[in-house]
Amino acid sequence: METVISVLASEPASMSRGRVFGAYLAEARGECVRYMRAPAFMLPIMLFPGLFYLVFGVLMVKSEGADAARYLLASYGVFGVMSPGLFGFGVSLALERDGGLLTFKRALPMPPGAYLLGKMLMAMCAAAVVILLLLALSRLAHVALLPTQAGALLLTGVLGVLPFCALGMFIGTVFKGQGAPGMLQLIYLPMSFLSGLWFPLPMLPKFLQQIAPIWPSYHLDKIAMAAVGLNNEPLLPHVLVLLGFAVGFLLLATRRLRRYG
Amino acid sequence: MSLTTTSIARLDGAIKTYGRLTALDGANLQIGRGELLALLGPNGAGKTTAIALLLGLIRADAGTVELFGRDPQQIEARRRIGVMLQNAVLPPTLRVGELLRLTASYYPSPRPLAETAELAGIGELLKRPYAKLSGGQQRSVQLALALCGRPELLFLDEPTVGMDVDARQKLWSAIRRLIAEGCAVLLTTHYLEEAEVLADRVCVMAHGRMIHEGTVDELRARVALKRIRCVTGTSIEKVRGWPDVAEARLDGERLHITTADAETVVRHLLGADAQLRELEVQRAGLAEAFTELTRDADEVSATDQREAA
């Protein structure tokens, strides 16, 4: 055994901080480049919410005026950023587990956070695109936002995608390959409906209104409403719920990854 | 043996079960600095599980797993290894050069890109997207990824599956160059010829255990049988009647005999037919030795199960 230790001492495999940072950077860059070159994966995820907003939020509410369009801008914004989080993160993770890429990366000395950070950045970029697209479309419905409101909504979207990344990641660690997209749809659409993203909550049955706070999208919606100036309640509880939600699912997912790969 | 003193990776009594299936049942393995160890065994013998433990992909239920004296799940240990896995679908849209740069970024002092490409023989592929390569070229790129970090220990899991003869030769020569640099290699393969050509030591697994470990020659010597081939007028029935003849068969006009006592049988053959020609005597190849070893292990395991039941 002493000799094993001497093998270690003879050649330290330490890595400078700069090189570790470089590994994070290279991973994030690789993740972005590969999906930009394969638009068939990300494009539907990014355009789908815009299309929805155009039909239901712009064209169909013309008669009800800019306030309805403003309300729907926030809720469709939330609906929109859930998608890159859940699908961009969850589906790609499930596919990469299935194809063996994740196994390969885990065997390599890749800094453990780099892989997830790369995907997170990718999802945040996609969320930014979604919000910018919706902001552009909202002009058609004559929604007049202050630059600070537009900025706040953008920030809400870019950070708000993270809890859904964590949820998508967890789903991606439970279901392999092609099973994940179906499961994610099953969560995405009902959750959006139940937290009042398609129809305002007061239009839903009483019971559904009461359980709405268990959905993370309900809390993100409250923040998005505040961003466009339609909610004056304190935001801290919602932020904390989302944070707890993100951390919880992140922990669950990393535990599963470490155990089962 | 000085193996224990230079061991850079080891399994000691490793046990791993998946539900009711025991994948590893007290596996022992040691890899010394700079050596090429071939891990052989039929499908389901536990080779993949053994490698997964050493790579830190899974945890053992019991026993010791060490990589450079550490837990393989520690990144510091894995910074000294390179990996080529059997089936990893790499990002299809990334170019070969980008994949290499990305993988090299994980290591403290990787090889220059050009050197890696030259070693793996993929110099002209660097600008091509990975998905556009042939199966054999993709394997070569995976080899390049495995060696780009200047590893001290290389894990090659069935590296030549899907390669043509030419690509296989290239891979073998790359492996020899790495070994000359002092890199150790743990190779799993279905091609016994590959183990025969490359390996210093061979470790044969069956039913989650190591059933033989030694040099290639030692493994061959485990099997006493020899092969005799000749063209003779003596009838096959007569040959089969001789004691010591384990098996005899005709292949065209050529007679193939398997025996434990080649000298006696050759004496009989020459005595029976003065016109005998094209006589060859060969020790059994690794393939025969391997088949026999694993068959024995199967029998032992079957008996165990009967006794247990």
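Structure shown above.
This structure is a prediction, so every number in the text was calculated from the model and none was measured.

Parameters and conventions
- Residues numbered from 1 in each chain as written.
- Chains lettered and ligands numbered in written order.
- Predicted model: local features only at pLDDT ≥ 70, side-chain atom pairs only at ≥ 80, totals over all residues.
- Heavy atoms only, no water.
- Phe/Tyr/Trp six-rings, centres within 6.5 Å; stacked < 30°, edge-to-face > 60°.
- Helix = DSSP H or I, 4+ residues; strand = E, 2+ residues; numbered from the N terminus.
- Buried < 20%, exposed > 50% of the residue type's maximum accessible area, 1.4 Å probe, protein only.
- Salt bridge = Lys/Arg side-chain N within 4 Å of Asp/Glu carboxyl O.
- 1 Å grid on protein atoms, 1.4 Å probe; cavity = no way out; pocket = protein on both sides within 12 Å on 5 of 7 lines; lining within 4 Å.
- Points joined across faces, edges and corners; volume = space filled by probe spheres on them.
- Nonpolar A, V, L, I, M, F, W, Y, C, P; charged D, E, K, R; others polar.

Draft legend 1. Region of the structure containing the packing of aromatic side chains. Residues and elements named next belong to chain A. Counting across every chain of the model gives 16 aromatic pairs over all chains. Measuring from centroid to centroid gives 6.3 Å for phenylalanine 48 and phenylalanine 79, while their planes differ by 50 degrees, and the two rings are tilted. On the criterion of sequence distance, the pair formed by phenylalanine 48 in helix α3 (residues 39-59) and phenylalanine 79 in helix α4 (residues 66-99) is long-range, its members being 31 residues apart. Taking the relative accessible area as the measure of exposure, phenylalanine 48 reaches 36% and is therefore partly exposed. Consider the rings of tyrosine 53 and tyrosine 76, whose centres lie 6.0 Å apart with planes at 55 degrees: the pair is tilted. On the criterion of sequence distance, the pair formed by tyrosine 53 in helix α3 and tyrosine 76 in helix α4 is long-range, its members being 23 residues apart. Here tyrosine 53 matches tyrosine 76 in class, with each residue buried.

Draft legend 2. Quick peek at unusual backbone geometry. All names here are of chain B. A positive phi angle is found at histidine 207, which is not glycine, with a value near 50 degrees. Along the polypeptide, histidine 207 turns up in the loop between β8 (201-206) and β9 (209-215). In the Ramachandran plot, aspartate 244 falls in the positive-phi region, its phi being about 80 degrees despite a non-glycine side chain. Within the element layout of this structure, aspartate 244 appears in the loop between α9 (236-241) and β11 (245-251).

Draft legend 3. Molecular detail of the pattern of salt bridges. Tallying each qualifying case throughout the model produces 25 salt bridges over all chains. A salt bridge links A:Glu31 to A:Lys119; its shortest N-O distance comes to 2.7 Å. On the criterion of sequence distance, the pair formed by A:Glu31 in helix α2 (residues 17-36) and A:Lys119 in helix α6 (residues 112-140) is long-range, its members being 88 residues apart. Accessibility assignment for this pair places A:Glu31 and A:Lys119 in one class, buried. Across the salt bridge formed by B:Glu115 and B:Arg111, the nearest N and O atoms sit 3.1 Å from each other. For B:Glu115, a relative accessible area of 28% puts it in the partly exposed group. The exposure class assigned to B:Arg111 is buried, which follows from its relative accessible area of 4%.

Draft legend 4. Highlighting empty space enclosed by the protein. As enumerated under the stated definition, the model contains six cavities of 30 Å³ or more in all. Within this model, the largest cavity holds a volume of roughly 60 Å³. At the level of secondary structure, the elements contributing two or more residues to the lining of the largest cavity comprise α5 (101-107) of chain A together with α3 (96-104) of chain B. Considering only residue class, the lining of the largest cavity consists of nine nonpolar, one polar and one charged.

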